[in-house]
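Each chain, written out:
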Amino acid sequence: QVQLVASGGGWVQAGGSLRLSCAASGRTFSRYATGWFRQAPGKERESVAAISRSGGTTYYADSVKGRFTISRDDAKSTVYLQMNNMKPEDAAVYYCAADQTFYKGGGTYLYDYWGQGTQVTVSS
């Protein structure tokens, strides 16, 4: 119903910034709340941020609050994750996800649609 493609991952030094994008196609993007998850090798995939259908409500994990910003542009069918003041522990594969319901955190089982993930590497 909706396809998601994450991009923008790469290498960044600690303290630097990186912006991830998630482009959607298929069903109308504005119908879905979206979220960002990340997964480091050997660890569980964790919720990082989420944004409601209207974009008026957002959620951030405590570990990224004040550093990351999620936003969406329905005209471009794209959701963004601006990551500032990055830390080595932010290194992971980042995934975007979509669902009809807005969730403040939660597990991967809550979301029906997923992108392929994009690698983020943070050096000290």
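Just above, that's the structure.
One numbering rule holds for all chains: residues counted from 1, following each sequence as written. Only residues with pLDDT of 70 or above have their local features reported here, since the model is predicted, and side-chain atom pairs are shown and tallied only from 80 upward, although totals for entire chains, interfaces and linings are computed over all residues. The side-chain numbers reported here are obtained from all heavy atoms of the structure, hydrogens and water having been left aside.

Novice: What am I meant to see in the sheet that holds strand β1 (residues 2–7) here?
Specialist: What links the strands of a sheet is backbone hydrogen bonding, and the strands pair in either a parallel or an antiparallel sense. A pair of strands is considered paired only if DSSP assigns at least 2 bridges between the two. Secondary structure elements are taken from DSSP: a helix is a run of H or I of four residues or more, a strand is a run of E of two residues or more, and numbering for both begins at the N terminus. In spatial order, the strands read β1-β3-β8-β7; together these 4 strands make up an open sheet with antiparallel pairing. Looking at which strands have only one partner, the edges of the open sheet turn out to be β1 and β7 (68–73). For this sheet the average axis-to-axis angle between neighbouring strands, irrespective of direction, equals 15 degrees. Note: β7 against strand β8 (residues 78–83), 6 bridges, orientation antiparallel. Following the sheet pairing, Arg72 is matched in β8 by Val79. Fitted lines through C-alpha atoms serve as axes, helices being fitted only where they are in contact, and the angles separating the N-to-C directions of these axes extend from 0 to 180 degrees.

Novice: Even after reading the chapter, I still don't get the pattern of salt bridges, so can you show me in this structure?
Specialist: In a structure, side chains of opposite charge can pair up when their charged atoms sit close to one another. Criterion for a salt bridge: a side-chain nitrogen of Lys or Arg within 4 Å of a carboxyl oxygen of Asp or Glu. Scanning all chains against the criterion turns up 5 salt bridges. The salt bridge involving Glu46 is made with Arg38; its shortest N-O contact spans 2.9 Å. Between Arg72 and Asp74 there is a salt bridge, with the nearest N and O atoms lying 3.0 Å from each other. Each of the salt bridges in this network shares a partner with another, and the network as a whole consists of Arg38, Glu46, Arg67 and Asp90.

Novice: Would you mind showing me how to read the side chain of Thr78 here?
Specialist: Checked against the element boundaries, Thr78 lands in strand β8. Whether two residues are in contact is decided by their heavy atoms, any of which lying within 4.5 Å being enough. Aside from chain neighbours lying at most four places away, what touches Thr78 is Ser21, Cys22, Ala23, Phe29, Ser71, Arg72 and Asp73.

Novice: Would you take a moment to explain the packing of aromatic side chains for this structure?
Specialist: Each aromatic ring pair is described using two quantities: the centre-to-centre distance and the angle formed by the ring planes. In this scheme Phe, Tyr and Trp rings, the latter by its six-membered ring, pair at centre separations within 6.5 Å, and the angle between planes marks the pair as stacked below 30 degrees, edge-to-face above 60, and tilted otherwise. One pass over the structure, following the stated rule, counts 6 aromatic pairs. On the basis of an interplanar angle of 80 degrees and a centroid distance of 6.5 Å, the ring pair of Tyr95 and Trp114 is categorised as edge-to-face. Residue Tyr95 is located in strand β9 (residues 92–99), and its partner Trp114 is located in strand β10 (residues 113–114); the two are separated by 19 residues in the primary sequence. The class of Trp114 is partly exposed, set by a relative accessible area of 26%. Here the aromatic residues Phe37, Tyr95, Tyr103, Tyr111 and Trp114 are joined through ring pairs into a cluster of three or more. Across from the ring centre of Tyr80, 4.0 Å away, lies the NZ or CZ of Arg19, which sits over that ring. Sitting over the face of the ring of Trp114, Arg45 holds its NZ or CZ atom 5.1 Å from the ring centroid. Per-residue accessibility, obtained with a 1.4 Å probe over protein chains only, is compared with the maximum for each type, and a residue is labelled buried under 20%, exposed over 50%, and partly exposed between these values. Counting as a charge over the ring demands two things of the Lys NZ or Arg CZ atom: a distance within 6 Å of the ring centre and an angle within 35 degrees of the ring normal.

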